[in-house]
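Listed below, chain by chain, are the residues.
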Amino acid sequence: MALNGPRLKYACDLDKSVLINNFEKRGWIPVSAEEDWNFYWATVQSVRNVFSLDVGYRLTDDQVISHFPSHYELTRKDLMVKNIKRYRRELEREGNPIAEKDEGGHYIHLDFIPVTFMLPADYNLFVEEFRKNPSSTWIMKPCGKARGIGIFLINRLSQLKKWSRDSKTNSFTAPSSKDTYVIARYIDNPLLIGGKKFDLRLYVLVTSFRPLKCYMYQLGFCRFCTVKYNASVTELDNMFVHLTNVSIQKHGDDYNAVHGGKWTIQNLRVFLESTRGKEVADKLFDEINWLTVHSLKAVSGVVSNDRHCFEAYGYDIIIDDNLKPWLIEVNASPSLTSTTSSDRIMKYKLISDIINLIMPYGKTPDVKWNKIPSKEHYGNFDLLYDEELAQSDLLNLPDTKARSGTGTTAFRGKDGKRPAATWK
Ligand SMILES: Nc1ncnc2c1ncn2[C@@H]1O[C@H](COP(=O)(O)OP(=O)(O)O)[C@@H](O)[C@H]1O
Ligand SMILES: [Mg+2]
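Residue positions are given per chain, counted from 1 along the sequence in the order it is written. Going through the entries in the order they are written, you letter the chains from A and number the ligands from 1. Only residues with pLDDT of 70 or above have their local features reported here, since the model is predicted, and side-chain atom pairs are shown and tallied only from 80 upward, although totals for entire chains, interfaces and linings are computed over all residues.

(A) Quick look at the site of ligand 1. Contact assignment follows one rule, namely that a residue is near a molecule or strand if its backbone-placed C-beta atom lies within 6 Å of it. Contacts to ligand 1 come from 18 residues, most closely from Pro-114, Ala-146, Ile-187, Leu-243 and Thr-244. Strands here mean DSSP runs of E at least two residues long; helices mean DSSP runs of H or I at least four residues long; both are numbered from the N terminus. At the level of elements, strand E6 (138-142), strand E14 (311-319) and strand E15 (325-331) are the ones that each hand at least two residues to the shell around ligand 1. All domain edges in this entry derive from an automatic or database-based domain assignment. Looking at which domains feed residues into the shell around ligand 1, each of domain 1 (1-104 + 197-424) and domain 2 (115-186) gives three or more.

This is the structure in structure tokens:
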């Protein structure tokens, strides 16, 4: 990286070496958020302040910031679910074949989030759904908490007595957000590797919502539980079995600090190609790209599309034992803490590749996108979807050839090489 370009000014709210090392390597000058900066890696709260009407701060054409102010439409689970449900209804109303349903009334191509309700608001709807399938397990997540905190599993209605009472007696008082939960059908048949549950953490960079332009990072990873999976009721409260968050698993007795319970996506691909065949693996990764694009499409109309903003989302995806991917949640501030040395290297590269895409040609930010990144600036990213280039894509069903426009190249190494799996 040439260091003789203009010395950009950066502000950064997070004391993370993977960020600071990147800025320093480029010879950028640290400034406070109150001074003139070109590049601001901000917390979501700071972004809200920068864009708040009270502050009335006007950004200039050479300033970029690391979040969209209304990212929560995607990154708050309740809103994500609401937006995806609305998006499906809209497509259905237009008669779009993407929104086709099967005889059971399930979306054939857009059924990628577990059935989800809000509590207490949707308590009665939840009960109706539960009665259809009384042996199902559900996962409760308190609103406003993250990284596995406060989550628990239930499989009996009686465990929700409190909600039933509250929803009847307090139906006119809005519960405070600390008492609201998102309840989702628990995917109780996850694909296991070495007997253990895992989920995927994928990074998706959005540089514009309207038109949508997004990139998928090739170096995502799988996060494994430290203990073997066991769906029996007696283990329902053992979070080392059910939650894949590293922040939970690293406290397990069997946590391995060398690999950190992580596998690269490339390792997963090698594993799936050798155990299930290449076609099956390709289909799975195509479906992951598909659901990612549609989750973003679902919010593209409601996120305020400020051209100073970019955002790198952390997608949490679970694969079930039928090799169907499920979108669990999208994080606005995926962890930049490194638990292992390869984690540090990957996260350093992630930030470096993000900067190269945001500022192609390595000079100053240019929010008018006069200089559009070309392949040479992608680093380890693949273009996932570019609405300007692929207007007709949404009209194409999965499996059709044009679907490759949603980025079937993502995850396939440029040289076709895949590193060997290192642990199981
Ligand atoms: N519907 C589900 N089915 C199976 N596992 C789930 C489901 N929802 C969450 N999990 C597990 O719980 C973990 C934490 O849930 P998540 O919704 O990502 O909340 P958090 O914000 O706390 O990370 C996920 O990474 C996943 O391992
Ligand atoms: Mg999560």
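(B) Quick look at the nonpolar core. In this usage, the nonpolar core is the set of buried Ala, Val, Leu, Ile, Met, Phe, Trp, Tyr and Cys residues whose C-beta atoms join them within 7 Å. Field definition: a residue is buried when 20 or more other C-beta atoms are found within 10 Å of its C-beta, exposed when 12 or fewer are, and partly exposed for counts in between, with C-beta atoms placed from the backbone. The biggest cluster of nonpolar side chains holds 86 residues, and the ones touching the most others in it are Val-204, Leu-205 and Cys-214. With 10 residues, the top contributor of residues to this core is helix H10 (residues 278-300). When sequence neighbours within four positions are dropped, the list of residues in contact with Cys-214 reads Val-204, Leu-205, Val-206, Leu-296, Leu-384 and Tyr-385. The next biggest cluster of nonpolar side chains, apart from the first, holds 13 residues, and it includes Phe-117, Tyr-123, Phe-126 and Phe-130. Any two residues are considered in contact once their C-beta atoms, placed from the backbone, lie within 7 Å.

(C) Broad picture of the packing of helix H1 (residues 17-25) against helix H11 (residues 341-358). Axes, fitted as lines to C-alpha atoms, cover a helix only where it is in contact. Angles between the N-to-C directions of the axes lie from 0 to 180 degrees. At a minimum axis distance of 9 Å, the contact between H1 and H11 shows a crossing angle of 50°. One finds that H1 runs oblique with respect to H11. Here H1 runs over H11; the crossing is right-handed. Along the contact surface, H1 presents Val-18, Leu-19, Asn-21 and Asn-22, while H11 presents Arg-344, Lys-347, Tyr-348, Ile-351, Ser-352 and Ile-355. Charged residues are taken to be Asp, Glu, Lys and Arg, nonpolar residues to be Ala, Val, Leu, Ile, Met, Phe, Trp, Tyr, Cys and Pro, and polar residues to be all remaining types, Gly included. Residues of the contact of H1 with H11, tallied by class, amount to five nonpolar, three polar and two charged. Each angle is binned into one of four classes, with values under 35 degrees roughly parallel, values over 145 roughly antiparallel, values of 65 to 115 roughly perpendicular, and all other values oblique. Left-handed describes a crossing whose near helix is turned anticlockwise from the far helix through less than a right angle; right-handed describes the clockwise counterpart.

(D) Layout of the sheet that holds E6. Strand pairing is assigned whenever DSSP detects at least two bridges linking the two strands. Read across the open sheet, the four strands follow the order E5-E8-E6-E7; overall the sheet is antiparallel. Pairing within the sheet leaves two strands with one partner each, and these edge strands are strand E5 (116-119) and strand E7 (152-154). Direction aside, the axes of adjacent strands within the sheet are offset by 30° on average.

(E) View of the pairing of strand E16 (residues 381-386). Most of E16 sits inside the fold, with five of its six residues counted as buried. Bridge analysis of strand E11 (residues 212-217) against E16 gives five bridges, and the strand direction is antiparallel. In the sheet register, Met-216 faces E16, and the bridge partner there is Asp-382.

(F) Inspection of H11 at higher detail. In this model, H11 (18 residues) spans 26 Å end to end at C-alpha, consistent with the 26 Å of a helix rising 1.5 Å per residue. Listing the buried residues of H11 in full gives Met-346, Lys-347, Leu-350, Asp-353, Ile-354, Ile-355 and Leu-357. In this fold, the buried residues of H11 make contact with H1, strand E10 (196-209), E11, E14 and E16. For a helix, the expected span equals 1.5 Å multiplied by the residue count minus one.

(G) The arrangement of the sheet that holds strand E3 (residues 39-41) in detail. Taken in spatial order, the four strands line up as E2-E1-E3-E4 in an open sheet, and their pairing is parallel. At either end of the open sheet lies a strand with only one pairing partner, and these are strand E2 (29-30) and strand E4 (64-65).

(H) Region of interest: H10. Across its 23 residues, H10 extends 33 Å between first and last C-alpha, which sits within 8% of the 33 Å expected from 1.5 Å per residue. Most of H10 sits inside the fold, with 17 of its 23 residues counted as buried.

(I) Local environment of unusual backbone geometry. Note the cis peptide between Leu-119 and Pro-120, where omega equals 5°. Along the chain, Pro-120 falls in the loop between E5 and helix H5 (123-132). For the bond running from Arg-210 to Pro-211, omega is -5°, close enough to zero to count as cis. Tracing the backbone shows Pro-211 in the loop between E10 and E11. At Leu-323, a position not held by glycine, the phi torsion is positive, near 60°. Relative to the elements of secondary structure, Leu-323 occurs in the loop between E14 and E15. On the basis of neighbour count, Leu-323 is assigned to the partly exposed category, with 14 C-beta atoms found within 10 Å. Positive phi, normally seen in glycine, also occurs at Trp-369, with a value near 50°. Within the secondary structure, Trp-369 is located in the loop between H11 and E16.

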